[in-house]
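Analysis of the macromolecular model
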Amino acid sequence: MKTLIKLEENPNINMVGKIYEFIDPTKIYIPILTNTSFHKNDYVYKNNYYSNYISSISGYVTGSKKVYLNKKLVNALEVTNDFKENSHIKRRKKKITNREELIENLKRFYLLELITKLESNKKNLIISCVDEEEYSINEFTRLSNNYDEILMTIDFLSKILKIKNITLAIKNTNAKSIKNVKSIIGSFPNIKIVLLPDNYLISLKANLCEFLNLKEEDSLLFNTIEIYDIYTTSIKFRDITEKYVTISGDALAKSFLINVKLGTSLNEIIKKYCKIKDKEYNVYVNGYMQGINVNKEDIIITKEINTIVINKRQNNLTTECINCGACYKICPVSINPKRCFFNKTINSKCIGCGLCNYICPANIDLKKVVKGDMYEEKEN
Ligand code: SF4
Ligand code: SF4
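Definitions and cut-offs
- Residues numbered from 1 in each chain as written.
- Chains lettered and ligands numbered in written order.
- Predicted model: local features only at pLDDT ≥ 70, side-chain atom pairs only at ≥ 80, totals over all residues.
- Heavy atoms only, no water.
- Near = heavy atom within 4 Å.
- 1 Å grid on protein atoms, 1.4 Å probe; cavity = no way out; pocket = protein on both sides within 12 Å on 5 of 7 lines; lining within 4 Å.
- Sits in = over half its atoms within 2 Å of the grid points.
- Nonpolar A, V, L, I, M, F, W, Y, C, P; charged D, E, K, R; others polar.
- Pairing = 2+ DSSP bridges.
- Helix = DSSP H or I, 4+ residues; strand = E, 2+ residues; numbered from the N terminus.
- Axes fitted to C-alpha atoms, helices over the stretch in contact; angles between N-to-C directions.
- Contact = heavy atoms within 4.5 Å.
- Core = buried A, V, L, I, M, F, W, Y, C linked by side-chain atoms within 4.5 Å.
- Buried < 20%, exposed > 50% of the residue type's maximum accessible area, 1.4 Å probe, protein only.
- Domains from an automatic or database assignment.
- Right-handed = clockwise from strand over helix to strand, strands pointing away.
- Points joined across faces, edges and corners; volume = space filled by probe spheres on them.

The full set of residues close to ligand 1 is C331, P332, V333, P337, C350, I351, G352, C353, G354, C356, K367 and V370. Placement of ligand 1 is best described as lying within the second largest cavity. When its residues are assigned to classes, the shell around ligand 1 shows nine nonpolar, two polar and one charged.

Written out as structure tokens, the structure is:
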């Protein structure tokens, strides 16, 4: 393992403990990836899926717009909320007793990443409660608020998958979660708590397995949010229509966690909850280190979005590379980011951690080239 570092704190970020609830957006947007035809005023029921994306409200189609999804702009339906929450979907209620039934059930909710993880047999089950990005508090909050449900679901999974070696990995700085979990861990004797140092990338599977002295190929890794998704869909048989998003950054008067309906536009959240101190700012989706700088008009909250960072625009001008080698030394997957940058080549091994940008004294945006993180802007 390369030596892991602790990221410097940003003293201008003011994180408030309060969690906001925003579950009555006026509109939501549903990405439409296939040629499904829709007309204005068509009725959309809550909990219906349209090309893997759920409608988190009921209401009428009132238009369409381009939204950001996995680095691309795609078409999305605009649905105006009628605030009736009409749904005609009936979910199974039969208890799940084996892996095949679990996979079948997860397919109904389009939780494809979870299904891929569950397809092979492993000896170790690791649950990471780590928020890797600074100031992201999604994992920590989910564990602190739902530790009963999380532990119950880990126990359920270990029985279904027949895994006995179970580790719950928590950062040693998350005192509140540790205290809550310790209060009931006695009821789950198979689950072992391990405290992790507060280092960036500690929850990367390779790093975590090395720290825990477990073989990567024998280990199955989930995070707390994924465990809670399994709880919702496969123990409670409910659809996932809301999610936690951390909204932080030094351009904001305060940073916070918000529970929002999927498909809500970032613009509506900003208008209602954010006081932006600086006129000139950048919006990063999924964190400052690992995320991409995007246009806020195009952002809707999807399952893939955990963190929005709103930072004041930096005046650190890019200077010439001084050949210090720091980007190569720090890269956890031993890429030479400087070489990729000058040759304008991407490297598929790049995990997008952002450490090369963080360390570069010349402020060169290396990650953008190496990872191919080019955000496709709307044509005007
Ligand atoms: S962003 Fe990619 S190239 Fe840069 S340090 Fe991380 S893995 Fe290496
Ligand atoms: S860290 Fe920046 S200045 Fe140093 S070698 Fe890499 S690109 Fe050049």
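Looking now at the sheet that holds strand β10 (residues 191-196). Spatially, four strands are ordered β10-β9-β8-β11 in an open sheet, and the strand pairing comes out parallel. Two strands close off the open sheet at either side, each with one partner strand: β10 and β11 (219-223). Recorded for the sheet is a direction-independent mean angle of 25° between the axes of neighbouring strands. Direction of pairing for strand β8 (residues 124-128) relative to β11: parallel, over a ladder of five bridges. Paired with I126 across the strands is L221, a residue of β11. Contacts from helix α5 (residues 175-184) reach β9 (165-171) and β10, with the element oriented near 150° to β9.

This brings us to the nonpolar core. Counting residues in hydrophobic clusters, the biggest one holds 41 residues, and the most contacted among them are L102, L125, L151, I154, L157, L168 and F222. Looking at this core element by element, the count peaks at seven residues for helix α4 (residues 147-161). There are two domains that each give this core at least three residues, and those are domain 1 (15-87 + 240-312) and domain 2 (99-235). Setting aside anything within four residues of it in sequence, one finds L157 in contact with L102, L118, L125, K162, F222, I227 and I230.

Moving on to the site of ligand 2. By nearness alone, every residue bordering ligand 2 is listed as C321, I322, N323, C324, G325, C327, K338, C360, P361, I364 and L366. For the shell around ligand 2, the class distribution of residues is eight nonpolar, two polar and one charged.

Another point: the sheet that holds strand β2 (residues 27-31). Paired through backbone hydrogen bonds, the strands of a sheet run either parallel or antiparallel to each other. One open sheet accounts for four strands, arranged β2-β7-β6-β3; its pairing is antiparallel. The open sheet terminates on both sides in strands that have one partner only, identified here as β2 and β3 (43-44). Across two bridges, the pairing between β3 and strand β6 (residues 59-69) is antiparallel. Each residue of the ladder has a partner; that of V44, found in β6, is G59.

Here the focus is the pairing of β9. Judged by how many residues are buried, β9 sits mostly within the fold: six of seven residues are covered. Pairing of β8 with β9, which is carried by five bridges, proceeds in the parallel orientation. Counted as the bridge partner of I127 is L168 from β9. Examined bridge by bridge, β9 and β10 share six bridges and lie parallel to one another. When the sheet's bridge partners are listed, I170 is paired in β10 with L195. Where the polypeptide runs from β9 across α5 and back to β10, its parallel neighbour, the crossover connection is right-handed.

This next bit is on the layout of surface pockets. There is about 1,400 Å³ of room inside the second largest pocket. Y284, Y288, N311, Q314 and N357 are the residues nearest the centre of the second largest pocket, which is lined by 43 residues in total. Going through the elements one at a time, β14 (281-285), β15 (292-294), β16 (307-312), α11 (355-359) and α12 (366-370) are the ones with two or more residues in the lining of the second largest pocket. Sorting elements by how many residues they give to the lining of the second largest pocket places β14 first, with four residues.

Remember, this is a structural readout, not a statement about activity or role.
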